[in-house]
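Topology and contacts: notes
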Amino acid sequence: MTKSLPIKGTDYVEFYVGNAKQAAHFYQSAFGFQPVAYAGLETGLKDRTSYVLRQDKITFVLTAALTPDSPVAEHHRMHGDGVKVIALWVEDARKSYEETVSKGARSYMEPYTISDEHGEVVLSGIYTYGETVHIFVERENYNGPFLPGFVEWNPEYRPEDTGLLYVDHIVGNVGWGEMDQVAEFYRTIMGFDQLISFDDKDISTEYTALKSKVMANDNMRIKFPINEPAKGLKRSQIEEFLDFYIGPGPQHVAMATNDIIATIKQQRERGVDFLYVPESYYDTVFDRVGKIEEDLDILKKLKILIDRDEDGYLLQLFTKPVQDRPTFFFEIIQRNGARSFGKGNFKALFESIEHEQSLRGTL
Ligand code: FE2
């Protein structure tokens, strides 16, 4: 087994969006992210602006282009709103870069040091699937709000958080026949191990199917399920993603909570749109998962999904896509021992997604 690249956790996730200012308001109002930092014209940037928001250990950066020739504009024109950067918190950003590039990773950004009055940070970056990148962040000698170049963003408007704690996993959608190759990238270049794999016999409905491999680093703080479409009767949700994102990209970020009932209740009240769960889901689910601590009536009322594996159970729910294109969405997850990803819910979920695809005319 190759040794895993030392990674302490997810440092931040950066979205390229059409309008960062308005997106920031959505993440504050709907999900309860707190304002942290800002960069833009006032801080010397010419081609882009960024808002940084945080909820416990989850940090999001929302970036939009200010000029038509910005690389952000080009990316956005092609892919629409979506995740550009999955930044990884490392001890040594130079070594992370050298090790991965020497094993064949494509360079995105050579290591460099940036500093301000709060200290210094070393950054470097490599490409992963599609145009998505990993930026390695070494921030041991830094105590500013986010990164050098950003100033504190301190508006009065601060809706309460909704109990989100950390990034549980980030799923990537890749093209036909590309899953193995991307899993190999994480295995040989990043030293990750494969946790689980599913194939189309596990994950299929009457119409759509997918294959999935879950890659994780050694301390399990980084979990990346990689999906590819499989042949079904109609166009699968993975194909729909690939068609609208124009290629591979991050499909969803799963955010953990310790109290999914409170989190989902808050988020529903604040306008987060969750995937429709058919009433019939609750006809059989309690037989399938057995005894759980939560009040079943409340789970049913809030339409929270339940699954069990050999280690325990989990509660989860998925939002609808959070931008105009039917691409990226979020998952909210509470783990009560379970270490898997909700395989038992896939079928119910896909039927729900297919229902929405048929409304969009993309099934
Ligand atoms: Fe997930």
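Let me begin by describing the structure that accompanies this report. (Residues numbered from 1 in each chain as written. Predicted model: local features only at pLDDT ≥ 70, side-chain atom pairs only at ≥ 80, totals over all residues. Heavy atoms only, no water.)

Now for helix α4 (residues 179-189). Within the sequence span of α4, burial applies to Met179, Val182, Ala183, Phe185, Tyr186 and Ile189. Buried residues of α4 fall within an arc of 165° about the axis and therefore sit on the same side. Following α4 by one or two positions, Gly191 has its phi on the positive side, about 75°. (Buried < 20%, exposed > 50% of the residue type's maximum accessible area, 1.4 Å probe, protein only. Helix = DSSP H or I, 4+ residues; strand = E, 2+ residues; numbered from the N terminus. Arc of directions from axis to C-beta.)

The next point concerns the pairing of strand β12 (residues 209-216). Across the 8 residues that make up β12, a large majority, 7, are buried. Pairing of β12 with strand β13 (residues 223-230) involves 8 bridges; the strand directions are antiparallel. Its bridge partner lying in β13, Leu210 is registered against Pro229. In this structure, the hairpin formed by β12 and β13 is closed by a connection of 6 residues, where Met220 is found at a positive phi of approximately 65°. (Pairing = 2+ DSSP bridges.)

Attention shifts here to the coordination of the iron ion. Every protein donor of the iron ion is listed here as His169 (NE2), His252 (NE2) and Glu331 (OE), and their distances to the metal cover 2.0 to 2.2 Å. Mapping the donors of the iron ion onto the primary sequence yields the spacing H-x82-H-x78-E. A residue pair is termed long-range when its members are at least 10 positions apart, and His169 in strand β10 (residues 164-173) and His252 in strand β14 (residues 249-257) qualify at 83 residues. For the pair His169 and His252, one class covers both residues: buried. (Donors = N, O, S within 2.8 Å, 3.2 Å for Na, K, Ca; no water.)

The set of residues buried in helix α3 (residues 93-102) consists of Ala93, Ser96, Tyr97 and Thr100. What you see down the axis of α3 is that its buried residues fit within an arc of 95°, all on one side. α3 presents Glu98 and Ser102 as exposed residues on the side facing more than 90 degrees away from its buried surface. Where α3 is buried, its residues meet β5 (82-90), β6 (107-116), β7 (119-127), β8 (133-138) and α4. For α3, the side-chain oxygen to backbone nitrogen distance between the N-cap and Arg94 is 3.1 Å, and the N-cap itself is Asp92. (Contact = heavy atoms within 4.5 Å. Polar contact = N/O pair within 3.5 Å; in protein donor to acceptor, adjacent residues only side chain to side chain.)

What follows concerns the packing of aromatic side chains. Both the distance between ring centres and the angle between the ring planes are used here to describe each pair of aromatic rings. Tallying each qualifying case throughout the model produces 27 aromatic pairs. Through a chain of ring-to-ring contacts, the aromatic side chains of Phe15, Phe26, Tyr27, Phe31, Phe33, Phe60, Phe328 and Phe330 assemble into a single cluster. If you follow Arg335 out to its NZ or CZ, it ends over the ring of Phe341, 5.3 Å from the centre. (Phe/Tyr/Trp six-rings, centres within 6.5 Å; stacked < 30°, edge-to-face > 60°. Lys NZ or Arg CZ within 6 Å of the ring centre and 35° of its normal.)

This part takes up the sheet that holds strand β2 (residues 34-39). One open sheet holds the 9 strands; their spatial order is β6-β7-β8-β5-β1-β4-β3-β2-β9, and the pairing between them is mixed. Of all strands in the sheet, those with a lone pairing partner are β6 and β9 (151-152), marking the two edges. Pairing geometry for β5 and β8, over 3 bridges, is parallel. Bridge pairing links Val85 to Val133 in β8. Packed onto the sheet, helix α2 (residues 71-79) meets β1 (7-16), β3 (48-55), β4 (58-65) and β5 and runs at close to 95° relative to β4. Each of β5, β6, β7 and β8 touches α3; the most contacted strand, β7, lies at about 15° to it. (Axes fitted to C-alpha atoms, helices over the stretch in contact; angles between N-to-C directions.)

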